[in-house]
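# What the coordinates show
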Amino acid sequence: VDSSTLRKISINITDWEKASEVIQERRKKVEKDRLKHQKEVVYCPTKPSEIFMSGALNPFPVEELKRRREELLEKGDTGKKITLIQDNTGKISYELSNKELAGYPHPGGFIDAPIVLYEELPEITPPTHLYVAGFDDYKQDESDTDSVGSFHIYKVNIGMDEWCGRIVASLATRPDPHGKLHRQIFLLQQAFNAKCFMENADDKYKQYLETKRVADLWLYESIDFKGDITQKATNKRRYGWTPTPQNIRFLKNLVINYTKEEFTILNEDGDEITVLGAQRINDLTLIQEMIDYRESANVDRMTSFMSCLGIEYYLYTNWLLPKPDWEKQRKAQEKPKQKTEKNLAQRMYG
């Protein structure tokens, strides 16, 4: 617009090139201080992924997790993709799958992802509470959200073998119909004899098991992680844990402590080495959730994993964990060659 009035207005124009140089210089000066560096990124974001970052420091050991991710990718130690099947005799086995895994973050839409198996299915029925399951279902059938149904099988930490204290199977998926997810995780529970401790904001899986009249057999009863942990919760929901701020904070701290805890194991040469819990996770997308963690993020996989750690804590507190003598019985039947692991079974959580 040709206007003598408008020509009198001074406009300050950003020198974007110079501004970018200044931002990078300021970041470089504090790059050795993680908290100061993160605050610089939050205050002056330069790309979309930085816009929603929190000024709070990521509580997870990010560098250890990144190293673990690269190690798994380099070795190809990312588990076996499978679909579970059950024959007319009730025997559960699996077929290898080439289906795509659900990425993180999930871009939305239906995805029929496979189970990822890290330890082989047990050949004989394990004792009660040796394996436990955690589940975080999605709350609606519409496919336009970033939520997935996340399920983990975890072997409790009783120092029996190299898989104790670790995730042995995982599933993150959003199939159509929803019942496909419930069918696969029920088969997985049966294969590992693992009861499930679920986040109970959604109860579709409970309803699925109730139609089979087996909910009492395969779901842990409701627990509140406050006050006396030896007593069951008295809220209206019979199974699982309710996502109250207190429960979320308690269970999240279990996961944080797990990733930072030191474990003594035997390496391939038979030498004792000390590793952090972060180095014992094989689930790549769970690792990515922890690396990218922020308070507003949708952390489905972390929720199902912390459910596993929560029920392990409850079983430990109430002297319900199985004794490792079961391993002697299994060895007597099968006599497999196994590596041993030296680790304290009585792990306490802060």
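Just so you know, the residues in each chain are numbered from 1, in the order the chain's sequence is written. The predicted origin of the model limits local features to residues at a pLDDT of at least 70 and limits the giving and counting of side-chain atom pairs to 80 or more, whereas totals for whole chains, interfaces and linings rest on all residues. Hydrogens and water molecules were not included; the side-chain quantities draw on all heavy atoms of the structure.

## Some points on the packing of helix 5 (residues 179-192) against helix 6 (residues 204-211)
Axis definition: a line fitted to C-alpha atoms, over the contacting stretch in the case of helices. Angles run 0 to 180 degrees between N-to-C directions. Only runs of H or I of at least four residues qualify as helices and only runs of E of at least two qualify as strands under DSSP, and these elements are numbered from the N terminus. Remark: helix 5 packs on helix 6, axes separated minimally by 11 Å, with the N-to-C direction vectors making an angle of 70 degrees. Overall, the two elements helix 5 and helix 6 adopt an arrangement that is roughly perpendicular. Remark: the crossing between helix 5 and helix 6 carries right-handed chirality. Side by side, helix 5 and helix 6 meet where His182, Arg183, Ile185, Phe186 and Gln189 of the first sit next to Lys204, Tyr205, Tyr208 and Leu209 of the second. Of the residues contributing to the contact of helix 5 with helix 6, the split by class is 5 nonpolar, 2 polar and 2 charged. Under this scheme an angle from 65 to 115 degrees is roughly perpendicular, one under 35 degrees roughly parallel, and one over 145 degrees roughly antiparallel; angles in between are oblique. By convention, the crossing between two helices is left-handed when the near helix turns anticlockwise from the far helix through less than a right angle, and right-handed when the turn is clockwise. Residues are treated as being in contact if the distance between any of their heavy atoms lies within 4.5 Å. Nonpolar residues are Ala, Val, Leu, Ile, Met, Phe, Trp, Tyr, Cys and Pro. Charged residues are Asp, Glu, Lys and Arg, and all others, Gly as well, are polar.

## Some thoughts on unusual backbone geometry
Going from Tyr104 to Pro105, the amide bond is cis rather than trans, its omega being -10 degrees. For the peptide bond that leads from Asp176 to Pro177, omega is 10 degrees, which places it in the cis range. Relative to the elements of secondary structure, Pro177 occurs in the loop between strand 6 (166-173) and helix 5. With a phi angle near 75 degrees, His129 is a residue other than glycine that sits in the positive phi range. Among the secondary structure elements, His129 is positioned in the loop between strand 3 (115-117) and strand 4 (131-136). Given a relative accessible area of 16%, His129 falls into the buried group. Working definition: with a 1.4 Å probe on protein chains only, accessible area under 20% of the residue-type maximum means buried, over 50% means exposed, and in between means partly exposed.

## Considerations on the confidence of the model for the chain
Close inspection of predicted coordinates is inappropriate for parts of the model with low pLDDT. As a per-residue quantity, pLDDT reports the predictor's confidence and falls between 0 and 100. Taken over all residues, the pLDDT of the chain has a mean of 86, while the share at 70 or more is 85%. Per-residue pLDDT stays below 50 along residues 336-350; that stretch engages in 42 contacts with residues further than four places along the chain or on separate chains.

## A short note on helix 4 (residues 62-75)
Three- or four-residue spacings in an α-helix give side chains the same orientation, since the helix completes a turn every 3.6 residues. Taking 1.5 Å per residue as the helical rise, helix 4 with its 14 residues ought to reach 20 Å, and the 20 Å between its terminal C-alpha atoms agrees with that figure. Of all the positions in helix 4, only Val62, Glu64, Leu65, Arg68, Arg69 and Leu72 are classed as buried. The buried side chains of helix 4 occupy one side of the element, clustering within an arc of 160 degrees when seen end-on. Exposed side chains of helix 4 directed beyond 90 degrees from the buried face belong to Glu74 and Lys75. Looking one or two residues past helix 4, Gly76 carries a phi angle of roughly 70 degrees, positive in sign. One fewer than the residue count of a helix, multiplied by 1.5 Å, yields its expected span. Working definition: the arc comes from the directions between the helix axis and the C-beta atoms, pointing outward to the latter.

## Structural notes on the pattern of salt bridges
Here, a salt bridge means any Lys or Arg side-chain nitrogen found within 4 Å of an Asp or Glu carboxyl oxygen. Counted under the stated rule, the structure contains 16 salt bridges. Where Lys155 meets Asp161, a salt bridge forms, and the shortest distance between an N and an O atom there is 2.6 Å. Residue Lys155 is classed as buried on the basis of its relative accessible area, which comes to 2%. The exposure class of Asp161 is buried, given its relative accessible area of 5%. Arg301 is the salt-bridge partner of Glu289, the closest N and O atoms lying 3.2 Å from each other.

## Considerations on the packing of aromatic side chains
Side-chain rings of Phe, Tyr and Trp (the six-membered ring for Trp) are treated as a pair once their centres are within 6.5 Å; stacked means planes under 30 degrees apart, edge-to-face means over 60, and tilted covers the remaining angles. Following the criterion strictly, the structure yields 13 aromatic pairs and no others. Arranged with centres 5.7 Å apart and planes meeting at 80 degrees, the rings of Phe60 and Tyr293 form a pair that is edge-to-face. Taken together, the positions of Phe60 in the loop between helix 3 (48-51) and helix 4 and Tyr293 in the loop between helix 9 (284-291) and helix 10 (300-317) put the pair 233 residues apart, joining distant regions of the chain. The same class applies to Phe60 as to Tyr293, namely buried.

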